[in-house]
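So you can see what is in the structure, the chains are spelled out below.
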Amino acid sequence: MNKSFSIDPVNGLCGALLMLAGLFFAIQSANLEIGTAFRMGPGYFPLVLSIILIGLGAVVFVSALRYESEPIGHIAWRGMLFILVAPILFGLLLRGLGFIPAIFVTAVVASFASTRMRPLYAVVIAAILTLFTTLVFVRALGLPFRLFGPWIGF
């Protein structure tokens, strides 16, 4: 029974990168006051997230020692483009257009990450999402967002 040691390169690299990113942010948060669980300092939350990231990276890395993954296939460039652009667009539009139009435009843009999305369906989904987020963040939580910005004139 001669078992050779092997590691799946894809999952091994992903796990190592997750652990390195978590370690980097843990070191960065060490420069901030940590505090306690009841009186959190500015470094507490980043440190906790870093520890979780290191743990998830370790799980992925260990799974690379046990299981072989499938080879990396087609990369969904369209999906990556639309999903990455959407939050940037939200940040750029929030002050000028206001909360409601910025959420709506962001949702429409993000919905086209799928090749099967149709324009009418995207508008309906964006309208429902805009209504929901407005009710939750502005009405229920009372966050002080301007619903419509100076670019619209309301």
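Computed from a prediction, not measured in an experiment: that's the story for all the values here.

A. Local environment of the overall build of the protein chain. Along its length, the protein chain carries five helices and zero strands. Along its sequence from the N terminus, the protein chain presents helices and strands in the succession α-α-α-α-α. Here the protein chain has a C-alpha radius of gyration of 22 Å; the compact-globule value for 154 residues is 15 Å, and the former is much larger. Considering only C-alpha atoms, the protein chain reaches an extent of 75 × 45 × 25 Å along its principal axes. Going through the 154 residues of the protein chain one by one, you find that 23% of them count as buried. Within the protein chain, contacts between residues separated by at least 24 positions form 63% of all contacts whose residues are at least 6 apart in sequence. Only carbon and sulfur atoms are counted for the fraction: they give 74% of the accessible area of the protein chain, which is about 11,400 Å².

B. The arrangement of helix 4 (residues 99-111) in detail. The terminal C-alpha atoms of helix 4, which comprises 13 residues, lie 18 Å apart, in line with the 18 Å expected from a rise of 1.5 Å per residue. Taken residue by residue, helix 4 has F99, P101, A102, I103, T106, A107, V108, V109 and S111 as its buried positions. The inward-facing, buried residues of helix 4 contact helix 3 (77-97) and helix 5 (119-140).

C. A look at the packing of aromatic side chains. Applying the stated criterion across every chain yields a total of two aromatic pairs. Centre to centre, the rings of F99 and F145 are 4.6 Å apart; their planes meet at 15°, and the pair counts as stacked. Here F99 is found in helix 4, whereas its partner F145 is found in the segment after helix 5, with 46 residues between them in sequence. F99 sits in the buried class, given a relative accessible area of 2%.

D. Layout of the environment of V124. By the secondary structure assignment, V124 is in helix 5. By relative accessible area, which is 40% here, V124 ends up partly exposed. Sequence separation between V124 and F104 is 20 residues; the distance between their C-alpha atoms is 9.9 Å.

E. Spatial organisation of the packing of helix 1 (residues 9-29) against helix 2 (residues 44-66). The N-to-C vectors of helix 1 and helix 2 enclose an angle of 160°; their axes lie 7 Å apart at closest approach. The angle between the axes of helix 1 and helix 2 places the two elements in the roughly antiparallel class. Read as a crossing pair, helix 1 and helix 2 show a hand that is left-handed. In terms of residue class, the contact of helix 1 with helix 2 is made up of 16 nonpolar, eight polar and no charged.

The rules behind these values
Residues numbered from 1 in each chain as written. Predicted model: local features only at pLDDT ≥ 70, side-chain atom pairs only at ≥ 80, totals over all residues. Heavy atoms only, no water. Helix = DSSP H or I, 4+ residues; strand = E, 2+ residues; numbered from the N terminus. Rg over C-alpha atoms; globule rule 2.2 N^0.38 Å. Buried < 20%, exposed > 50% of the residue type's maximum accessible area, 1.4 Å probe, protein only. Contact = heavy atoms within 4.5 Å. Areas by Shrake-Rupley, 256 points an atom, 1.4 Å probe, with all protein chains shown as cover. Expected span 1.5 Å × (residues − 1). Phe/Tyr/Trp six-rings, centres within 6.5 Å; stacked < 30°, edge-to-face > 60°. Axes fitted to C-alpha atoms, helices over the stretch in contact; angles between N-to-C directions. Parallel < 35°, antiparallel > 145°, perpendicular 65-115°, else oblique. Left-handed = near helix turned anticlockwise from the far one by under 90°. Nonpolar A, V, L, I, M, F, W, Y, C, P; charged D, E, K, R; others polar.

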